[in-house]
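Chain by chain, the residues run as shown.
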2 protein chains.
Amino acid sequence: MTLATHPTQTRSTAAAFSGLKCKECGAEYEAKAIHVCELCFGPLEVTYDYAHLSKVVTRQTIEAGPKSIWRYRSFLPVATDNLIDVGTGFTPLLKANRLARRLGIKNLYIKNDAVNMPTLSFKDRVVSVALTRARELGFTTVSCASTGNLANSTAAIAAHAGLDCCVFIPSDLEAGKVLGTLIYGPTVMAVHGNYDQVNRLCSEVANTHGWGFVNINLRPYYSEGSKTLGYEVIEQLGWQLPDHIVAPLASGSLFTKIYKGFQEFTKVGLVEEKAVRFSGAQADGCSPIAQAYREDRDFITPVKPNTIAKSIAIGNPADGVYALDIARKTNGNIESVSDPEVVEGIKLLAETEGIFTETAGGTTIAVLKKLAEAGKINPDETTVAYITGNGLKTQEAVQGYIGEPLTIEPKLESFERALERAQTLGRLEWQQVTV
Amino acid sequence: MTLATHPTQTRSTAAAFSGLKCKECGAEYEAKAIHVCELCFGPLEVTYDYAHLSKVVTRQTIEAGPKSIWRYRSFLPVATDNLIDVGTGFTPLLKANRLARRLGIKNLYIKNDAVNMPTLSFKDRVVSVALTRARELGFTTVSCASTGNLANSTAAIAAHAGLDCCVFIPSDLEAGKVLGTLIYGPTVMAVHGNYDQVNRLCSEVANTHGWGFVNINLRPYYSEGSKTLGYEVIEQLGWQLPDHIVAPLASGSLFTKIYKGFQEFTKVGLVEEKAVRFSGAQADGCSPIAQAYREDRDFITPVKPNTIAKSIAIGNPADGVYALDIARKTNGNIESVSDPEVVEGIKLLAETEGIFTETAGGTTIAVLKKLAEAGKINPDETTVAYITGNGLKTQEAVQGYIGEPLTIEPKLESFERALERAQTLGRLEWQQVTV
């Protein structure tokens, strides 16, 4: 494998989006591989000509598009028709009646990105957008700083697109996430340190090598991919906004982009305006945003992560203050839960709805439960919980908490004895018995 | 958990299908929970009124349906509107240009059920149909004999539907498949024995308990779900048949049902008639159908499985002779590959197309490669390889064959040293070096 350096960056000529703009001072930039304002160091965000979009995009034009994130391509920062489409997006929005009953609420949906394509997390959305844009900008090597899911996704989609790939991960990740990256044949750098240290190292590498880091120098494009999680929910609810959403908070980007997606579809007249409450979920062991929320601060104090919910363990979240602001102004909440509650959340979702999510999803379900029990979810609200990754990647987290099979001989008598035990004992007890 | 026995079996009143028929002697039966002909012990199959279907079903009525297997519900054996729809089916058909180039062919597609919903294998198709039908027939406890994927799927979809569930697996399955079943809270019986022994035990249990075994007493309904893998490919190719398909062979049911799906859509005028070649893939360590093919036999000699491709390790395949017949009459092939070739197949698909499949998929890709190298795939043929399950479930199979990450300190110098090694060494070599 050759790792190319310093690609030619070609300016797109037919961009459907209009450029980049600083979220803080409003300074405008060309749509290049930059992510920080040169004037105030604020983050850059992609801008669009909404007046134009409201004229050319209708529900019908969207519905006629592919069954993937690319049905929303007018709202995504890509300039050419050379899209990387591996079926990403348009995952099920499942009415979760059995889970809702358990939580004492009535109108609950699960947006299930645990089955997103190709690598079973919402990261496939942002990476599909980032690598399409990376190719437009002339990059031949792509990279990322990752807590696992992003590495899986970047490596897989780069392989499909024939791009060289080098990913950076903390060295203590779950086995499934490491193997689920190596299999695609990228260069994998396992860094002795936590995600925030990995991220700092990658910022240096991005400055010295001409690589496209999806979540650093390509971040403005990359993060726009998460808006599709907002668009899809609107479309799947029959072109309506929900009343309340619950989503995990890592860097805070997902949360703010679902918000941006809702705003955009309202702005261009695709959906009727409605107040939507935004609630965020963190694990106690890495909850800088929840702590700021609880203490009524408008700044984030970085923390050192220590939780099984590794995919959302970002101690210094880049978009934390924006997430905080959205939760407050929408009358939502930010809550955190313990690691045992995360495991219980994973099991609860699996047993009631047949969805096996990773620790981030367990965090979201545990927070949903906590909010429901505290009366912070109106039982009649249309509530959407975002499940962002698959449980097969974090098997360590539940191993030891789900019992064992009943071991039997291939004989009817052996089965009958086992069944008798099963019917007289509780599941977890008898599953540890060998008959 | 309570395990109900002897459910009331209610006859469906508004069935879109017409009943069951013996595949051997043609005897007809009502659409109950039976699978073997009382007269000749042949397998029973669902029948439909195709004259009626050709009048009422069009490409447009199908395209207007849900984005799941249920868009084809007129061709599925369900009688009510009470469908279990968890988003199963309509998985991507990916144009695999990079893999095609490696194999020296030109027109290759991957049908990617590694991302099927909810449990990442084609089994979600058959289980969605079987459990919908089980509920119609009044069953409250569902069950299966499984090599892993079926257990995952039955447990998950039963959880979503609120059905009690008891699954039977061989006791030596991969960790991901066991955990990926237990998480949903079913009763799991791990049988000391191979799949064929598990299956025999389950036949006895099906006779003595009133449970709905998806692949035993519900088998005629269950197996129909695989036809959707045929329908979808036709629709996704723009309402055309491919020239050649390559699919794994376990019991042989999937293979015969893709064939039935193609035949049905031709019969009712949804697609133009065309000869399609059917090629089947087995692992050397369990290749009773490939052996019969090679030796020009029209009967199957059962074998004792010994392969890492556990999900297709059925030594006494129920539909083996039918699969054999189809491969022969369509001018296809049946080929087998060694376990190392299976691992290479998994890696090849991941590195070229960004799809991580389990051992069954590795078997299919390795056979595809073998056939291409032997000139048994015409380079210009539109060829579809069916990938039936996800690699995260069989991590053991590739562990040790994909290298390790490069371990570095969170410092630029450490990264640069690692990169230098990476660029001067081959990937597998340097990935085992700690810098």
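Residues numbered from 1 in each chain as written. Chains lettered and ligands numbered in written order. Predicted model: local features only at pLDDT ≥ 70, side-chain atom pairs only at ≥ 80, totals over all residues. Heavy atoms only, no water.

A. Spotlight on the packing of helix α10 (residues 253-267) of chain B against helix α12 (residues 320-329) of chain B. Residues and elements named next belong to chain B. Axis separation between α10 and α12 bottoms out at 8 Å; the angle between their running directions is 50°. The angle between α10 and α12 falls in the class oblique. You can see that α10 and α12 cross each other, and the crossing is left-handed. In this structure, α10 contributes Phe255, Thr256 and Tyr259 to the contact, and α12 contributes Tyr322, Ala323, Ile326, Ala327 and Lys329. (Axes fitted to C-alpha atoms, helices over the stretch in contact; angles between N-to-C directions. Helix = DSSP H or I, 4+ residues; strand = E, 2+ residues; numbered from the N terminus. Parallel < 35°, antiparallel > 145°, perpendicular 65-115°, else oblique. Left-handed = near helix turned anticlockwise from the far one by under 90°. Contact = heavy atoms within 4.5 Å.)

B. Structural detail: the interface of chain B and chain A. Every contact between the two is made by 78 residues of chain B and, on the other side, 80 residues of chain A. Contact between chain B and chain A buries roughly 6600 Å² in total, counting both sides, with carbon and sulfur atoms accounting for 71%. Summed over the shared surface of chain B and chain A, the result is zero salt bridges. Linking chain B with chain A are 15 residue pairs in polar contact (both at pLDDT 80 or more). Class assignment for the residues of the side of chain B that touches chain A results in 42 nonpolar, 22 polar and 14 charged. (Buried area = accessible area lost by both parts, 1.4 Å probe. Salt bridge = Lys/Arg side-chain N within 4 Å of Asp/Glu carboxyl O. Polar contact = N/O pair within 3.5 Å; in protein donor to acceptor, adjacent residues only side chain to side chain. Nonpolar A, V, L, I, M, F, W, Y, C, P; charged D, E, K, R; others polar.)

C. Fine view of the UniProt feature "domain: Tryptophan synthase beta chain-like PALP" (unreviewed entry) in chain A. In the numbering adopted here, UniProt assigns the feature "domain: Tryptophan synthase beta chain-like PALP" (unreviewed entry) to residues 87-389 of chain A. Taken end to end, residues 87-389 of chain A is 44% helix and 16% strand, and its two terminal C-alpha atoms sit 16 Å from one another. (UniProt positions renumbered as here; feature names shortened; annotations may be inferred.)

D. Expanded view of the environment of Tyr184 of chain B. Structurally, Tyr184 of chain B can be placed in the loop between α6 (175-182) and β8 (187-191). On the basis of relative accessible area, Tyr184 of chain B is assigned to the buried category, the value being 6%. It is 8.4 Å that separates the C-alpha atoms of Tyr184 of chain B and Asn152 of chain B, two residues lying 32 residues apart in sequence. Apart from the residues within four sequence positions on either side, Tyr184 of chain B is in contact with Ala350, Glu351, Gly354, Ile355 and Phe356 of chain A together with Thr119, Asn152, Ala155, Ala156 and Ala159 of chain B. (Buried < 20%, exposed > 50% of the residue type's maximum accessible area, 1.4 Å probe, protein only.)

E. Spatial organisation of the relation of the copies chain B and chain A. For the pair chain B and chain A, the relating rotation is 180°, the translation along its axis is 0.0 Å, and the fit reaches an RMSD of 0.0 Å. Those values place the two copies in the arrangement expected of a two-fold rotation axis. Comparing contact sets, 100% of the residues at the interface of chain B also lie at the interface in chain A, consistent with an isologous, same-surface contact. (Least-squares fit on C-alpha atoms with pLDDT ≥ 70 in both.)

F. Region of interest: the sheet that holds strand β8 (residues 187-191) of chain A. With parallel pairing, the five strands of this open sheet are ordered in space as β9(A)-β6(A)-β7(A)-β8(A)-β14(B). Edge positions in the open sheet fall to β9 (212-213) of chain A together with β14 (406-408) of chain B, since each of these has one partner strand only. Both strand β6 (residues 141-145) of chain A and β9 of chain A contribute to a ladder of two bridges, which runs parallel. Looking at β9 of chain A, one finds that Val142 of chain A is bridged to Gly212 of chain A. In the packing of helix α5 (residues 149-161) of chain A onto the sheet, contacts are made with β6 and β7 (164-170) of chain A, and the angle to β6 of chain A comes to roughly 170°. (Pairing = 2+ DSSP bridges.)

G. Spatial organisation of the packing of aromatic side chains. Residues and elements named next belong to chain A. Taken as a whole and assessed by the stated rule, the structure comprises 32 aromatic pairs over all chains. Connected via pairs of aromatic rings, a cluster forms that spans Tyr72, Phe75, Tyr231, Trp239 and Phe265. The side chain of Lys23 reaches across the aromatic face of Tyr322, ending 3.8 Å from its centre. (Phe/Tyr/Trp six-rings, centres within 6.5 Å; stacked < 30°, edge-to-face > 60°. Lys NZ or Arg CZ within 6 Å of the ring centre and 35° of its normal.)

H. Quick peek at helix α14 (residues 359-373) of chain B. Residue and element names in this part refer to chain B. With 15 residues, α14 extends 21 Å from end C-alpha to end C-alpha; this agrees with the ideal 21 Å at 1.5 Å per step. Most of α14 is tucked away: twelve of the 15 residues are buried. All buried positions along α14 are accounted for by Thr359, Ala360, Gly361, Gly362, Thr363, Thr364, Ile365, Ala366, Val367, Leu368, Leu371 and Ala372. Looking one or two residues beyond α14, the residue adopting positive phi is Gly375, at roughly 70°. (Expected span 1.5 Å × (residues − 1).)

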